[in-house]
Amino acid sequence: MRVQNIATLNKARYSPNGKFIAVEFADRDKMYAPNDNEFERSNGMRYLGKLAVLDVATGRFSTIMDDSDGLRGPICWSPDGEEVLFSRYLANGDDREKLAGKKQLGLAIWAIGKDGRNPHMITTGWSPDWR
């Protein structure tokens, strides 16, 4: 992917060893999902963010998570630098962690390998943070 096609780089975090950067970004033409009968764009539309890893030494930018439901930050690395944690929307009908009453989907914390393998849900919640 060429960086010129990216509309926004929202969040970025260095890996613990400093060799990689996890980046949340969105495509220029597809930043938001259809309104799905929710209220106005700024309050109700799902951000269709994606997750990539930038190899600092080579400059290679590899998308590791591009789900049709999108994602929502923040992001962080696991202490060993093998996984990136991020927030993504819960499925329609899942009432946990709802925002703004019933107008927005709730969030869950997920992890994915820096190579894009083994995406898995950790728990519901808004913000991944590894201490």
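On a predicted model such as this, the values are computed, not experimentally measured, just so you know.

Participant: If you had to explain the confidence of the model for the protein to someone new, which residues and values would you point to?
Facilitator: On average, residues of the protein score 79 in pLDDT, and 73% of them reach the 70 mark or higher. Per-element confidence in the protein is highest for strand E3 (residues 50-55), whose mean pLDDT is 94, and lowest for helix H1 (residues 41-44), whose mean pLDDT is 51. The model gives residues 37-42 a pLDDT under 50, and that stretch makes nine contacts with residues more than four places away or in other chains.

Participant: Would you mind going over the nonpolar core in detail, with residue names and values included?
Facilitator: Counting residues in each nonpolar core, the largest one holds 15 residues, and the members touching the most others are Leu51, Val84 and Phe86. Listed by contribution, the elements that provide at least two residues to this core are strand E2 (20-27), E3, strand E4 (61-65), strand E5 (72-77), strand E6 (83-89) and strand E7 (107-113). Among the elements that take part in this core, E7 stands out by supplying three residues, more than any other. Contacts of Leu51, omitting those with residues within four sequence positions, involve Val23, Glu24, Phe25, Ser62, Thr63, Ile64, Met65, Leu71, Ile75, Val84, Phe86 and Ile112. Counting residues in hydrophobic clusters, the runner-up holds five residues, among them Ile21, Val23, Phe25 and Phe61.

Participant: Any chance you could break down the pairing of E5 for me, citing the residues and the numbers?
Facilitator: Where E5 and E6 come together, four bridges link them in antiparallel fashion. Looking at the pairing, Arg72 lines up with Ser87 of E6.

Participant: I'd like a description of the sheet that holds E5, backed by residues and values.
Facilitator: Read from one edge of the open sheet, four strands run E5-E6-E7-E8, paired in antiparallel fashion. Across the chains shown, the open sheet's two edge strands, defined by having one partner strand only, are E5 and strand E8 (120-124). Strand-to-strand twist in this sheet, taken as the mean axis angle between neighbours without regard to direction, amounts to 25°.

Participant: Requested: an account of the pattern of salt bridges, with residues and values cited.
Facilitator: If the charged atoms of two oppositely charged side chains come close together, the side chains can form a pair. Overall, the coordinates contain five salt bridges when judged by the stated rule. Its salt-bridge partner being Glu24, residue Lys11 comes within 3.7 Å of it at the nearest N-O pair. Here Lys11, found in strand E1 (residues 6-14), pairs with Glu24, found in strand E2; they are 13 residues apart in sequence, far enough to count as distant. Accessibility expressed as a relative area gives 25% for Lys11, which makes it partly exposed. Of the charged contacts in the structure, one is a salt bridge between Arg117 and Asp115, with a shortest N-O distance of 3.7 Å.

Participant: Outline unusual backbone geometry, listing residues and values.
Facilitator: Residue Asn118 is not a glycine yet carries a positive backbone phi of 60°. Within the secondary structure, Asn118 is located in the loop between E7 and E8. For Asn118, a relative accessible area of 54% puts it in the exposed group.

Scoring rules and cut-offs
- Residues numbered from 1 in each chain as written.
- Predicted model: local features only at pLDDT ≥ 70, side-chain atom pairs only at ≥ 80, totals over all residues.
- Heavy atoms only, no water.
- pLDDT = per-residue confidence, 0-100.
- Helix = DSSP H or I, 4+ residues; strand = E, 2+ residues; numbered from the N terminus.
- Contact = heavy atoms within 4.5 Å.
- Core = buried A, V, L, I, M, F, W, Y, C linked by side-chain atoms within 4.5 Å.
- Buried < 20%, exposed > 50% of the residue type's maximum accessible area, 1.4 Å probe, protein only.
- Pairing = 2+ DSSP bridges.
- Axes fitted to C-alpha atoms, helices over the stretch in contact; angles between N-to-C directions.
- Salt bridge = Lys/Arg side-chain N within 4 Å of Asp/Glu carboxyl O.

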